[in-house]
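Observations on the three-dimensional arrangement
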Amino acid sequence: MRGLIEFSNYCPRNCLYCGLRKSNENIHRYRLDEDKIIELAMMAYDMGFQSIALQSGEIDSQEQVDFLAAIVEKIILSSRQRGQQGLGVTLSMGELSYQQYLQLWQAGAHRYLLRIETSNPQLFKNIHPPSQLYHRRLECLDALKDIGYQVGTGIMVGLPGQSNEQLAQDLAFFQKRDIDMLGLGPYIPHSDTPLARVPDRHERDAFTLTLKMLALARLTMPDINMVASTALQSINPLGLRWGLMAGANIIMPVLTPEEKRRDYSLYDNKEQKSMEEIAAEVAAGGFKLGYWKWGDSPHYFRRREQPLKQV
């Protein structure tokens, strides 16, 4: 399990599919302060989540990177005072410079999720403004791997104009990039975005298609970490259970303060389960929750030819 802390919904980008986009004036913006973020991280530790994910809209200043690096250092120090292993930290806040990724790595973060959203350059162009470049996203993924992060990426399944052939190419892309973590989920439109107004010629079941993609990813990449996404759970009440049965092995309970959760609106009708509901769904799928584990990707250690750490 990864305790998910969505610490800010500010974003300088204008992705055509995302409710956090800069041009969306119908969203209430927020940014948690340092004390609150550390408090939530320690709450995660006390709940038995020995791993957290800090997520936000994209960071676009050195000042923000410095702020986050200081928080990561304090979280690791505080959690190690409660137990020798401390908290494992995953980050997800978009495209940064090599030096900024390195700074966050040196602060103690060791996993980073940067979704490609689609590996098809033309489709990528169709869902992003001209200032966001496909090759820049690839450069960031390369930088993360070079520094030593456990690297995650992912896609949206069911985008307007997306073909089954492109989805097959996405699976090949994940293998070629030798990724450690995968976050993929169904595309759910947000009413305040341009992409929501784009007609799609294909009538597809994005939920079933996502389950198939999870299963194919697990068959072709048996040792990576895969998330049963919140989007999968939002689109179907049984999304968590079926996602696990299809091959996902990571769950991210949302720890963002209740009063802020609706404001972190990547898509419409975002649903979040309580820990009681999560436990029931996991058990119904024939699995059990893994407490007090970092849950690192076994693939990461294999590709680096290092002994697998059971933490």
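The name given to the chain in an unreviewed UniProt entry is Biotin synthase, and the organism recorded there is Syntrophomonas wolfei subsp. wolfei.

**Observations regarding a nonpolar patch on the surface**
Residues W242, M245 and F287 make up a contiguous nonpolar surface patch of about 320 Å² in total accessible area. Looking at where M245 falls in the secondary structure, it is placed in helix α9 (residues 239-246). Exposure remark for M245: the relative accessible area of 54% places this residue in the exposed category.

**Observations regarding the sheet that holds strand β7 (residues 181-182)**
Taken in spatial order, the 7 strands of this open sheet run β1-β2-β3-β4-β5-β7-β9, and their pairing is parallel. Strands at the two margins of the open sheet, each flanked by one partner only, are β1 (3-8) and β9 (225-226).

**Quick notes on the packing of α9 against helix α11 (residues 275-284)**
Two numbers describe how α9 lies on α11: the axes approach to 8 Å, and their chain directions differ by 40 degrees. For the element pair α9 / α11, the angle class is oblique. By crossing handedness, the relation of α9 to α11 is classed as right-handed. On α11, the residues that touch L240, R241 and L244 of α9 are I278, E281, V282 and A284. Its residues assigned to classes, the contact of α9 with α11 comprises 5 nonpolar, no polar and 2 charged.

**Considering the environment of G48**
For G48, the position within the fold is in the loop between α1 (34-46) and β2 (51-56). Here the alpha-carbon distance between G48 and E25, two residues 23 residues apart in the chain, equals 38 Å. G48 has contacts with Y291 and W292, leaving out every residue within four places of it along the chain.

**Some points on the UniProt feature "binding site: [4Fe-4S] cluster" (unreviewed entry) in the chain**
UniProt's feature table lists "binding site: [4Fe-4S] cluster" (unreviewed entry) at C11, C15 and C18, given in the numbering used throughout. Within the annotated group, the residues that form the lining of the largest cavity are C11, C15 and C18. Summarising the element assignment, C11 is placed in the loop between β1 and α1. The residues touching C11, leaving out its near neighbours within four places in the chain, are L20, K22, R29, G57 and E58. Looking at the secondary structure, you find C15 in the loop between β1 and α1. The exposure class assigned to C15 is buried, which follows from its relative accessible area of 11%. The residues touching C15, leaving out its near neighbours within four places in the chain, are R21, I127, H128, P129 and Q132.

**Describing α11**
For α11, the set of buried residues is M275, I278, E281 and V282. Take α11 and look down its axis: the buried residues cluster within an arc of 125 degrees, on one side only. Exposed positions of α11 whose direction lies more than 90 degrees from the buried face are E276 and A283. On its buried side, α11 packs onto α9.

**Comments concerning the pairing of strand β5 (residues 150-153)**
Where burial is concerned, the two faces of β5 agree: the one with Q150 and G152 and the one with V151 and T153 are both buried. Judged from the 3 bridges that link them, strand β4 (residues 111-113) and β5 form a sheet pairing that is parallel. Note on β5: the bridge partner recorded for R111 is Q150. Strand direction decides the pairing type here: β5 and β7, joined by 2 bridges, are parallel. Bridged to T153 within β7 is L182.

Cut-offs used in this document
- Residues numbered from 1 in each chain as written.
- Predicted model: local features only at pLDDT ≥ 70, side-chain atom pairs only at ≥ 80, totals over all residues.
- Heavy atoms only, no water.
- Patch = residues over 30% accessible without salt bridge, like charges linked within 9 Å, V, L, I, M, F, W, Y side chains within 5 Å.
- Areas by Shrake-Rupley, 256 points an atom, 1.4 Å probe, with all protein chains shown as cover.
- Salt bridge = Lys/Arg side-chain N within 4 Å of Asp/Glu carboxyl O.
- Helix = DSSP H or I, 4+ residues; strand = E, 2+ residues; numbered from the N terminus.
- Buried < 20%, exposed > 50% of the residue type's maximum accessible area, 1.4 Å probe, protein only.
- Pairing = 2+ DSSP bridges.
- Axes fitted to C-alpha atoms, helices over the stretch in contact; angles between N-to-C directions.
- Parallel < 35°, antiparallel > 145°, perpendicular 65-115°, else oblique.
- Left-handed = near helix turned anticlockwise from the far one by under 90°.
- Contact = heavy atoms within 4.5 Å.
- Nonpolar A, V, L, I, M, F, W, Y, C, P; charged D, E, K, R; others polar.
- UniProt positions renumbered as here; feature names shortened; annotations may be inferred.
- 1 Å grid on protein atoms, 1.4 Å probe; cavity = no way out; pocket = protein on both sides within 12 Å on 5 of 7 lines; lining within 4 Å.
- Arc of directions from axis to C-beta.

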